[in-house]
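Working through the structure, step by step
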Amino acid sequence: MNDKKLGPHDMDEIIGQVEKLQQKYAGLGQDFLAYMEGLLHSNGLNYWNYVHLDSLLGLQTPRTNFKDEVIFIVYHQITELYFKLIKQEIELLTETKENEEESEYRKLENWYKRISRCNNYLKHLASSFDIMVNGMDMEEFRKFRMALLPASGFQSVQFRHIEIMSTRLSHLIHPDWKGDLDDPFEQLYEHVYWKGGGIDLQTKSKTITLQQFEEKYDVSLKLLLKKYRNRNLAYRYEWLPKEMQKDEKLIALMRDYDTHFNIFWRMGHLAAASRYLVMSEKDAIQATGGTNWRKYLPPKFQKIIFFKTVWNGEEKTDWGKAGVTRIFREVIGEHWMKATS
């Protein structure tokens, strides 16, 4: 029990806080004394209730009896939580306040803070594939994965959210498409690069994985595109005053964001896929959703670049090549060569 006696200074501080609370609840049209009585009778908060620990630990429901399937589920759930944190930072940085001058994107220090946080999350994500690559039994995975059809990480809508919130739709179009990038966004959306990754290798038609994804999310993704058309990170950055755009620290942060999301994370994903899906030099297993992962995942094929103004022509031409050999060799040895050959 705390027997500390309150001095005059403590009482002044308590009275000041009470007055602030009174003002807060008066502004909400609420009875302040009723809330104070409720506080008197309420129980203290504990850790397990605060993080909903029991619910969290009950969210893993394997489809098979293979124990390593739990690793697979937990890993993807952790990934989705990191995606949520990244989206929150983008949302806060890009929103427009009622008073435009108070908007976060108008201040350089807010770009430092928000993009640094995103980069921190992305660094963890890009290096996290080791959890699966070296943490799951290969034979178990090849067996339990067949019970997951047609589900696929391809169907992570939060990953698409981050792409849409980060850059212009024209930057997400497959590089092989020869149409007009000024087409209405509804037409342009049909040529977004990830749709090409959901084509069956044998029939050349849309996989069930892609069909399910489109049926569930196409409408909401188009709404998000409208919301972020003039709000995405690339748009906000390109409309900053020139002196802010040229800030060396900010340029470095934007380059790191692009690199970790569009090169290192994709390469890590490719490394994990090739570790488990490449059985021999000429024998590769399809991903769980039947997606063409060997053409879909490598950055050098898609050339997805969020912030094109911070890269020079040579860097954009050679996109995805820098660091590939070193990172893949560290993660999976020679498997990446077979995956991209």
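Shown above is the structure to which this text applies.
These remarks concern the structure in this document. (Residues numbered from 1 in each chain as written. Predicted model: local features only at pLDDT ≥ 70, side-chain atom pairs only at ≥ 80, totals over all residues. Heavy atoms only, no water.)

**Quick look at the overall build of the protein chain**
- Within the protein chain, the regular secondary structure consists of 20 helices and two strands.
- Long-range pairs, those at least 24 residues apart, make up 72% of the contacts in the protein chain between residues at least 6 apart in sequence.
- Taken as a whole, the protein chain presents about 19700 Å² of accessible surface, with 54% of it coming from carbon and sulfur. (Helix = DSSP H or I, 4+ residues; strand = E, 2+ residues; numbered from the N terminus. Contact = heavy atoms within 4.5 Å. Areas by Shrake-Rupley, 256 points an atom, 1.4 Å probe, with all protein chains shown as cover.)

**Structural notes on the nonpolar core**
- Counting residues in each nonpolar core, the largest one holds 64 residues, and the members touching the most others are Ile86, Trp111, Trp194 and Tyr257.
- The biggest single contributor to this core is helix 15 (residues 248–277), with nine residues. (Core = buried A, V, L, I, M, F, W, Y, C linked by side-chain atoms within 4.5 Å. Buried < 20%, exposed > 50% of the residue type's maximum accessible area, 1.4 Å probe, protein only.)

**Looking at the packing of helix 9 (residues 157–166) against helix 12 (residues 208–228)**
- Between helix 9 and helix 12, the least distance of the axes is 10 Å, while the angle of their chain directions is 20 degrees. Comparing the axis directions of helix 9 and helix 12 gives the class roughly parallel. As for how helix 9 packs across helix 12, the hand of that crossing is right-handed. Only Phe213, Tyr217, Leu221, Leu224, Leu225 and Tyr228 of helix 12 make contact with helix 9, whose side of the interface consists of Val157, Arg160, His161, Ile164 and Met165.
- For the contact of helix 9 with helix 12, the class distribution of residues is nine nonpolar, one polar and one charged. (Axes fitted to C-alpha atoms, helices over the stretch in contact; angles between N-to-C directions. Parallel < 35°, antiparallel > 145°, perpendicular 65-115°, else oblique. Left-handed = near helix turned anticlockwise from the far one by under 90°. Nonpolar A, V, L, I, M, F, W, Y, C, P; charged D, E, K, R; others polar.)

**Focus: unusual backbone geometry**
- Along the chain, Leu149 connects to Pro150 via a cis peptide bond; the corresponding omega equals -5 degrees.
- Within the element layout of this structure, Pro150 appears in the loop between helix 8 (138–144) and helix 9.
- Backbone geometry places His52, a non-glycine residue, at a positive phi of 50 degrees.
- In this fold, His52 is placed in the loop between helix 3 (47–50) and helix 4 (53–57).
- Even without a glycine there, the phi angle at Lys204 is positive, about 65 degrees.
- Relative to the helices and strands, Lys204 is located in the loop between helix 11 (193–196) and helix 12.
- Residue Lys204 is classed as exposed on the basis of its relative accessible area, which comes to 61%.

**Brief notes about the packing of helix 5 (residues 68–94) against helix 9**
- Put simply, helix 5 and helix 9 touch, their axes get as near as 9 Å, and they point 20 degrees apart. As judged from the angle between their axes, helix 5 and helix 9 are roughly parallel. Pair helix 5 / helix 9 crosses with left-handed handedness. Contacts from Glu80, Phe83, Lys84, Ile86, Lys87, Ile90 and Glu91 of helix 5 reach helix 9 at Gln158, Phe159, His161, Ile162, Met165 and Ser166.

**Points about the side chain of Ser152**
- Residue placement: Ser152 occurs in the loop between helix 8 and helix 9.
- Within the structure, Ser152 has its side chain in polar contact with the backbone nitrogen of Phe154 (distance 3.0 Å). (Polar contact = N/O pair within 3.5 Å; in protein donor to acceptor, adjacent residues only side chain to side chain.)

**Some remarks on the packing of aromatic side chains**
- Scanning the entire structure with this criterion turns up 23 aromatic pairs.
- Seen in terms of ring centroids, Tyr82 and Tyr121 are 6.0 Å apart; in terms of plane orientation they differ by 45 degrees. Their pairing is tilted. Taken together, the positions of Tyr82 in helix 5 and Tyr121 in helix 6 (residues 108–127) put the pair 39 residues apart, joining distant regions of the chain.
- Exposure remark for Tyr82: the relative accessible area of 23% places this residue in the partly exposed category.
- Judged by centre distance (5.0 Å) and plane angle (80 degrees), the rings of Trp311 and Trp319 are edge-to-face. Residue Trp311 shares its accessibility class with Trp319, and that shared class is buried.
- Every member of this aromatic cluster is reached through a ring pair, and the members are Tyr75, Phe83, Phe129, Phe159, Tyr257, Phe261, Trp265, Phe306 and Phe307.
- The ring of Phe154 has Arg160 lying over it, and the distance from NZ or CZ to the ring centre is 5.5 Å.
- The ring of Tyr105 has Arg236 lying over it, and the distance from NZ or CZ to the ring centre is 3.9 Å. (Phe/Tyr/Trp six-rings, centres within 6.5 Å; stacked < 30°, edge-to-face > 60°. Lys NZ or Arg CZ within 6 Å of the ring centre and 35° of its normal.)

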